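# Architecture and fold: a report
Spelled out from the first residue to the last, the chains are:
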Amino acid sequence: MATDSPIIIALDYPSLDAALCMADQLDPARCRVKVGKELFTRSGPAVLDALHGRGFEVFLDLKFHDIPNTVASAVQAAAEQGVWMVNVHASGGRRMMEAAVQRLEQQHLTTHLIAVTVLTSMQADDLADIGINISVKEHVERLALLAQHSGLQGVVCSAQESADIQTLCGDAFLKVTPGIRPTFASVDDQQRIMTPSAAIEAGSTHLVIGRPITQADDPMAALHMVEEELGQR
Ligand SMILES: O=C(O)c1cc(=O)[nH]c(=O)n1[C@@H]1O[C@H](COP(=O)(O)O)[C@@H](O)[C@H]1O
C-alpha cells in the first residue's frame, strides 16, 4: 500500500515480536517503516515478509559499505525481497555505488537506492578524528554530488543539510533525514537534529523517526503530534 506521508518509523527493536507489536499499531496508509541492523540481524528476512504482509513499504537500512561486487550483490538481494528502499555508505566510493546501480538496472529492480552522507550522530570533530578536515556541510555536499553522479536517487543526511542539497542536486533527489526531534522528545545520541516541520520546510523529502515515537509513553499519541505538526491530521 503506497502512502504520501513523508514519515518513516524506525523499528529499532531487538525482536520480531517487539517490532510487529509496534507495526500492528501503525497504519501503512500513514507511514512507512524502517528495518535496521539490530532487527534484521536478529530476525532475518522474516521481518520483511511480515511487514510486507501487513501492507507496509519497507526501508531496509543496512548501510552497505564494501567492495563493489559485494555491495551490488547485497543490494540485489535486498531488492529481490521487495523492499521499497535500501541504502549504502557514499564513502564506499563511486565505483561501489555505480556497481549497485548497474546491478539493479540489469535485474530490472525498482527499489530506491540512496546513500548515507555523514551520519547524523557526527560533528566536525568526529570527521577530524577520521582524517576529514573539512566542515560537515562541505563533506555532505561532496558525498551527495558523488551519489547523484553515481546514479543514486537520493541521500541520507541531516535535515540541517537538506536545503543545501536541494540547491545542489534538485527537488527530485531524495533527502531522507534522520535526527528528527520534535520539541517534546530528547536528543539522545543524535547531534545534527531538526523538528519535523523545520525539516520539511528545509526540503527533506522523508523523515526517519525512531525513539521520539517508539520509546514514547504513548507512541500513537506521539505520532499524532508529529502528524499534527506537519498538518497531516
Ligand atoms: O540511515 C539511517 O537511517 C540513519 C542515518 C543517519 O545518519 N542517522 C540515523 O540516525 N540513521 C538511523 O535513523 C534512526 C534514527 O532513530 P532515532 O534517533 O531513534 O529517531 C536509527 O535507526 C538510525 O540507525
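Residues numbered from 1 in each chain as written. Predicted model: local features only at pLDDT ≥ 70, side-chain atom pairs only at ≥ 80, totals over all residues. Heavy atoms only, no water.

The name given to the protein chain in an unreviewed UniProt entry is Orotidine 5'-phosphate decarboxylase, with Halomonas casei as the source organism. The UniProt entry for the protein chain carries this comment under Pathway (unreviewed entry): "Pyrimidine metabolism; UMP biosynthesis via de novo pathway; UMP from orotate: step 2/2." (UniProt positions renumbered as here; feature names shortened; annotations may be inferred.)

This part is about the packing of helix α1 (residues 16–23) against helix α3 (residues 46–53). Interaxial distance between α1 and α3 falls to 11 Å at its minimum, and their mutual angle equals 15°. Considered as vectors, α1 and α3 are oriented roughly parallel to each other. Between α1 and α3 lies a crossing of right-handed hand. Contacts from Leu16, Leu20 and Ala23 in α1 reach Ala46, Val47, Ala50 and Leu51 in α3. (Axes fitted to C-alpha atoms, helices over the stretch in contact; angles between N-to-C directions. Helix = DSSP H or I, 4+ residues; strand = E, 2+ residues; numbered from the N terminus. Parallel < 35°, antiparallel > 145°, perpendicular 65-115°, else oblique. Left-handed = near helix turned anticlockwise from the far one by under 90°. Contact = heavy atoms within 4.5 Å.)

Turning next to the UniProt feature "active site" (unreviewed entry) in the protein chain. The UniProt record marks Lys63 with the feature "active site" (unreviewed entry), using the residue numbering of this structure. Using a relative accessible area of 22% as the deciding quantity, one classes Lys63 as partly exposed. For Lys63, the contacting residues outside a window of four places in its chain are Lys37, Asn87, Val88, His89, Val116 and Leu119. (Buried < 20%, exposed > 50% of the residue type's maximum accessible area, 1.4 Å probe, protein only.)

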